[in-house]
Amino acid sequence: MNSRTALYIPSIALVAMLNQAAVSATHADKQKDTHYNDVGFFDIHVCNWPDRQLFLMPLFSTTRYNDIQTIDVMDPDGKPLVQLDLTRYRVIKQENRKEKHAFINQLDVPKASKDGWYTAQITLSNGTVHTASDYVRISSLGKARGHRPGNNEELGKPPRELRWEAVPGAGFYQVFISDQWDDGRLIHSSKLLTEPVLTLPPGLVKRGGMYSWIVHSRDVNEDLLLGDFNHGSLSKPVVFSVSD
């Protein structure tokens, strides 16, 4: 396991999917939740991102990453879907908790995919096998539109809020804001929002600045059947500026 390298992807889009997903549903009743086993947490997201076709993102997060030999994911018919690449992971560090690794893969939705229970089989180095399952519904969640401020809009003063049109089927949103004058550095990640509006923290957006923002929409949050969430989408980046 020492040869494994952490997964560093600077894409805000991937961070948007993982900020909540890889941490896993901390408030769910783990004894009743099939996404959990004695090793960790399994989930699959159906992702609708800009400029690519619909894809699946299976993940397994665990504190016992050094004990894992393989993670095999099967479709509802029990056929192999993918074996997670153990060299690709995100490190999750939380205060007063053991370090986690979230093993993640992305794959285009197979043509024969269908709704049903998808199963992860986790084999440890001592030969023991643990399973976890996630109910997946194969469909896409629309992307957020109608951003206000809009793309390439110049404002006379810093806005107090960001708004967009509600996405049918979405119950939660998360907004990511980047500073375009600072090499696109991510400067704000919102909490989960239940309405299509974000009240901006005072002083975040400044005069003379240029910013981009994206909206991550999701259907549910910490659902016993569908996991952390089933469907997620990302809007295209929207850039706006504020005059001096």
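Residues numbered from 1 in each chain as written. Predicted model: local features only at pLDDT ≥ 70, side-chain atom pairs only at ≥ 80, totals over all residues. Heavy atoms only, no water.

Caption draft 1: Region of the structure containing the pattern of salt bridges. On inspection of all chains with the given rule, the structure shows seven salt bridges. Taking the shortest distance from any N to any O, the salt bridge between Arg218 and Asp228 comes out at 3.0 Å. With Arg218 in strand β15 (residues 210-218) and Asp228 in the loop between β15 and β16 (231-234), the pair connects residues that are 10 residues apart, well separated along the chain. One exposure class covers both Arg218 and Asp228, and it is buried. (Salt bridge = Lys/Arg side-chain N within 4 Å of Asp/Glu carboxyl O. Helix = DSSP H or I, 4+ residues; strand = E, 2+ residues; numbered from the N terminus. Buried < 20%, exposed > 50% of the residue type's maximum accessible area, 1.4 Å probe, protein only.)

Caption draft 2: Local environment of the pairing of strand β13 (residues 185-189). Relative to β13, strand β12 (residues 172-179) runs antiparallel, the two sharing four bridges. Note on β13: the bridge partner recorded for Asp179 is Arg185. If you look at the hairpin formed by β12 and β13, you'll find five residues sitting between the two strands, and Asp183 has a positive phi there, around 55°. (Pairing = 2+ DSSP bridges.)

Caption draft 3: View of the packing of aromatic side chains. Within this structure, the stated rule accounts for seven aromatic pairs. Aromatic pair Tyr89 and Phe103: ring centres 5.8 Å apart, planes at 70°, arrangement edge-to-face. Of this pair, Tyr89 sits in strand β5 (residues 89-92) while Phe103 sits in strand β6 (residues 100-104), and the two are 14 residues apart along the sequence. For Tyr89, a relative accessible area of 7% puts it in the buried group. Residue classification places Phe103 among the buried positions, given a relative accessible area of 0%. Ring centres of Tyr211 and Phe240 lie 5.7 Å apart, and the angle between their planes is 35°; this geometry places the pair in the tilted category. Residue Tyr211 is located in strand β15, and its partner Phe240 is located in strand β17 (residues 238-242); the two are separated by 29 residues in the primary sequence. (Phe/Tyr/Trp six-rings, centres within 6.5 Å; stacked < 30°, edge-to-face > 60°.)

Caption draft 4: Representation of unusual backbone geometry within the structure. With omega at 5°, the peptide bond leading from Arg148 into Pro149 counts as cis. By the secondary structure assignment, Pro149 is in the loop between β9 (129-136) and β10 (153-155). The phi dihedral of Asn152 falls on the positive side, at around 65°, and the residue is not glycine. Along the chain, the position of Asn152 falls in the loop between β9 and β10. Not every positive phi belongs to a glycine, and Asp183 is a case in point at roughly 55°.

Caption draft 5: View of the sheet that holds strand β8 (residues 116-124). With antiparallel pairing, the four strands of this open sheet are ordered in space as β4-β3-β8-β9. Since the sheet does not close on itself, it has two edges, and those belong to β4 (80-83) and β9, each with one partner. When the angles between neighbouring strand axes are averaged without regard to direction, this sheet yields 25°. Here strand β3 (residues 68-74) pairs with β8 via six bridges, running antiparallel. By the bridge assignment for β8, Ile71 is matched with Ile122. (Axes fitted to C-alpha atoms, helices over the stretch in contact; angles between N-to-C directions.)

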